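Here is what each chain is made of, one letter per residue.
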Amino acid sequence: MEDSLGLYYLPQPALPAVRVYVRRAEDGSIEYRMWDAEHPEVWEKHQWINMEVIAMAAQLFSQERDGSWQPAKIYDSNVAEALLKQQEEAEAKARAKAEAQARRQAQMQSDK
């Protein structure tokens, strides 16, 4: 799914107020950012993070919360990769279509 903030998925479909946004970083890795309608400060305070940061946080929280916080259930790299791949393929198709249209128009102009 996508909205004005970007591409996202629902980590818990029963809770549509919580979304995880994903994007491709410059180095090709996946970055995540959580949005929670009931807690807008989450979006404001937390920037884009990668799996390395999530893993470190999980280690810290596991000590504090007795393992009750499971980031793999929230930050799903398989879902994120699938969404990004789908988006990238759609963008590539749109570029190819625009390029083909531009070539046709250029050909029509040169034929005149």
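Remember, predicted model here, so these are calculated numbers, not experimental data. (Residues numbered from 1 in each chain as written. Predicted model: local features only at pLDDT ≥ 70, side-chain atom pairs only at ≥ 80, totals over all residues. Heavy atoms only, no water.)

Asks: Explain the side chain of E31 to me, please; I cannot follow it from the model alone.
Replies: Along the chain, the position of E31 falls in strand β4 (residues 30-36). The exposure class assigned to E31 is buried, which follows from its relative accessible area of 17%. Leave out the neighbours within four places in its chain, and E31 touches Y21, V22, R23, A25, W48 and I49. (Helix = DSSP H or I, 4+ residues; strand = E, 2+ residues; numbered from the N terminus. Buried < 20%, exposed > 50% of the residue type's maximum accessible area, 1.4 Å probe, protein only. Contact = heavy atoms within 4.5 Å.)

Asks: What's the story with the nonpolar core in this structure? I'm lost.
Replies: A general feature of soluble globular proteins is that nonpolar side chains tend to end up buried together. Ranked by size, the top nonpolar core spans 15 residues in total, and within it Y9, V20, V22, I30, Y32, M34 and Y75 carry the most contacts. Only β2 (6-9), β3 (18-24), β4 and α4 (77-111) provide two or more residues apiece to this core. (Core = buried A, V, L, I, M, F, W, Y, C linked by side-chain atoms within 4.5 Å.)

Asks: Mind showing me how you'd approach the sheet that holds strand β5 (residues 49-50) here?
Replies: The 5 strands are arranged β1-β2-β3-β4-β5 in an open sheet whose pairing can be described as antiparallel. One side of each edge strand has no neighbouring strand; the edge strands of this open sheet are β1 (2-3) and β5. Of the strand pairs in this sheet, β4 and β5 are connected by 2 bridges, and their pairing is antiparallel. Looking at the pairing, E31 lines up with N50 of β5. (Pairing = 2+ DSSP bridges.)

Asks: Please explain the pairing of β4 as it appears in this structure.
Replies: In summary, the side chains of a regular strand alternate between the two faces of the sheet. With 6 of 7 residues buried, β4 is to be regarded as a mostly interior element. As judged from the 7 bridges shared by β3 and β4, these two strands associate in the antiparallel manner. Within β4, the position partnered with R23 by the bridge is E31.

Asks: What exactly am I supposed to notice about the environment of L10 here?
Replies: Structurally, the position occupied by L10 is in the loop between β2 and β3. Here L10 falls in the partly exposed class, since its relative accessible area comes to 23%. Placed 66 residues apart in sequence, L10 and D76 show a C-alpha to C-alpha distance of 10 Å. Each residue touching L10, except ones within four places of it in the same chain, is listed here: M1, P16, V18 and R19.

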